[in-house]
Amino acid sequence: MANRWRRVGKWIPLAILGGIALAGCGFLEGPQSMVQPAGPVAQNQLQLISSSFWIMVEIFLVVATVLVLAIIRFRDRGQRGLPPQTEGDNRLELLWTIVPFLLLALLAVGTVKQSFALSASPATKNALPIKIVGHQFWWAVQYPTYNVTTANEIHIPVGQKVVLELTSADVLHAFWVPRLGGKTDLVPGKTNYMWIEADQPGIYRGQCAEFCGTGHADMRLIVDAQTPQQFSQWIQTMQHPQSTPTSALAQQGMIDFAKAGCSGCHTIAGTNFEGQVGPNLTDLTGRLMIAGNLLPNTPANLAAWIHDPQAVKPGALMPNLHLPPSEIRAIVAYLESLR
Ligand code: CUA
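Note that the structure is a prediction, hence the values are computed from the model and not measured.

S.K.: How should the side chain of histidine 135 be read in this particular structure?
M.R.: With respect to the element layout, histidine 135 can be found in strand β1 (residues 128–135). The class for histidine 135 is buried, based on a relative accessible area of 13%. When residues no more than four places from it in sequence are discounted, the contact partners of histidine 135 are Ala140, Ala169, Asp170, His173, Met219 and Val277.

S.K.: What exactly am I supposed to notice about the sheet that holds strand β4 (residues 153–157) here?
M.R.: Hydrogen bonding along the main chain pairs the strands of a sheet, whether they run parallel or antiparallel. Overall, mixed pairing links the three strands, which are arranged β4-β10-β9 in an open sheet. Across the chains shown, the open sheet's two edge strands, defined by having one partner strand only, are β4 and β9 (202–207). For this sheet, the mean inter-axis angle between neighbouring strands, taken without regard to orientation, is 25 degrees. Bridge count for β9 against strand β10 (residues 220–226) is six bridges, and the pairing is antiparallel. If you follow glycine 206 over to β10, its bridge partner there is leucine 221.

S.K.: Would you explain the pattern of salt bridges in this entry?
M.R.: Opposite charge on two side chains permits pairing when their charged atoms draw close. One pass over the full model with this rule turns up two salt bridges. In this structure, aspartate 256 engages lysine 259 in a salt bridge whose closest nitrogen and oxygen atoms are separated by 3.9 Å. Residue aspartate 256 and its partner lysine 259 are both found in helix α5 (residues 248–259); the two are separated by three residues, about one turn of the helix. Taking relative accessible area as the criterion, lysine 259 reaches 60% and is therefore assigned exposed. Overlapping salt bridges bring together Asp256, Lys259 and Glu327 as one network.

S.K.: I would appreciate a short explanation of helix α4 (residues 228–239) in the present structure.
M.R.: Three or four residues apart is the spacing at which side chains of an α-helix point the same way, because the helix has 3.6 residues per turn. For α4, which comprises 12 residues, the first-to-last C-alpha distance of 16 Å matches the rise-based estimate of 16 Å (1.5 Å per residue) to within 8%. Along α4, the residues that are buried comprise Phe231, Trp234, Ile235 and Met238. Buried residues of α4, viewed axially, fall in a sector of 100 degrees; they line one side. With respect to the buried face of α4, the exposed residues turned more than 90 degrees away are Gln229, Gln233 and Gln236. Looking at the packing, one finds that the buried side of α4 touches β1, β2 (138–143), β3 (148–151), β4 and β10.

Thresholds applied
By convention here, each chain's residues receive numbers from 1 onward along its written sequence. Side-chain atom pairs in this predicted model are given and counted only at pLDDT of 80 or more, local residue features only at pLDDT of at least 70, and totals for whole chains, interfaces and linings cover all residues. Heavy atoms throughout the structure, all of them, feed into the side-chain values; hydrogens and water do not. Working definition: helices are DSSP H or I runs of at least four residues, strands are E runs of at least two. Numbering for both runs from the N terminus. Using a 1.4 Å probe on the protein chains alone, a residue whose accessible area is under 20% of its type maximum counts as buried, one over 50% counts as exposed, and one in between counts as partly exposed. Here a residue-residue contact requires only that any non-hydrogen atoms of the pair lie within 4.5 Å. A pair of strands is considered paired only if DSSP assigns at least 2 bridges between the two. Angles shown run from 0 to 180 degrees and are taken between the N-to-C directions of axes, each axis being a line fitted to C-alpha atoms and, for helices, limited to the stretch in contact. One side-chain nitrogen of Lys or Arg within 4 Å of one carboxyl oxygen of Asp or Glu is enough to make a salt bridge. Helix span, expected: 1.5 Å multiplied by one less than the number of residues in the helix. Here the arc refers to the directions that run from the helix axis out to each C-beta atom.

What follows is the structure, encoded as structure tokens:
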């Protein structure tokens, strides 16, 4: 019995390694794959990662080959006494000093070059500035040049440098959209800068990459890269939002929205709702997702979210207001009329 377990036990490390390798392969595909870069920042970072990866693979192959040769060539052949003893070899000493030095120098040059190329500041030329504030557990997105505010979905024009000004309203968060670039921390009381650029229109998914509380794993975001025309159209919609309810139900919803206290936390441009605690809801109909990008934006999901936020997203700071179904229906009708 003990013997059998010993035999099984031998395979456990191999199984773990296999599992890790498979998980690694999963990383290579999917919407958050950093090995499928969609812009110059992610592309440059991937180049740096692959060059150091291949240098390490080559070192491993050389060391492994020498090791295997030594094991075979100098194995115990049953001779007596010690083999010839040598001490010190200037050529070898030089070789294993110079080769690592050159390899590290190669990596250092690439790293320093990329660090300068990827740095950003408010003075970065011809860039669109976007201010992003991390909150438990959602993202506020502001376009200072256009006086537009939204949440969780960042619209950017393709082919243009976008400088992100990152800060936090509460705890540490980290901005990470793998297909567009590496992570940058959002730190309360400090502004960090990074730039991104998308080559092709599309939806690029990201998420918070710094543990920030119960809702951390559900703190997702979307970058919606659009053609410059689509982008300026979106900006115009946001600057001139339709915020007057059209149907009787939506009208009632607007009244209930204020009565229930929703407006204490949420801003809707074009109304006198100016709460700053929760996400800005202007043009909510235009969003793909709700609840920090957890659910597709449908009336049913919106109703479920308002009915019991914590059931949808554990740790959500939006309170359960215990609203009757009729009020929830009206509020959903009102929010769905915002465009
Ligand atoms: Cu925000 Cu994790």
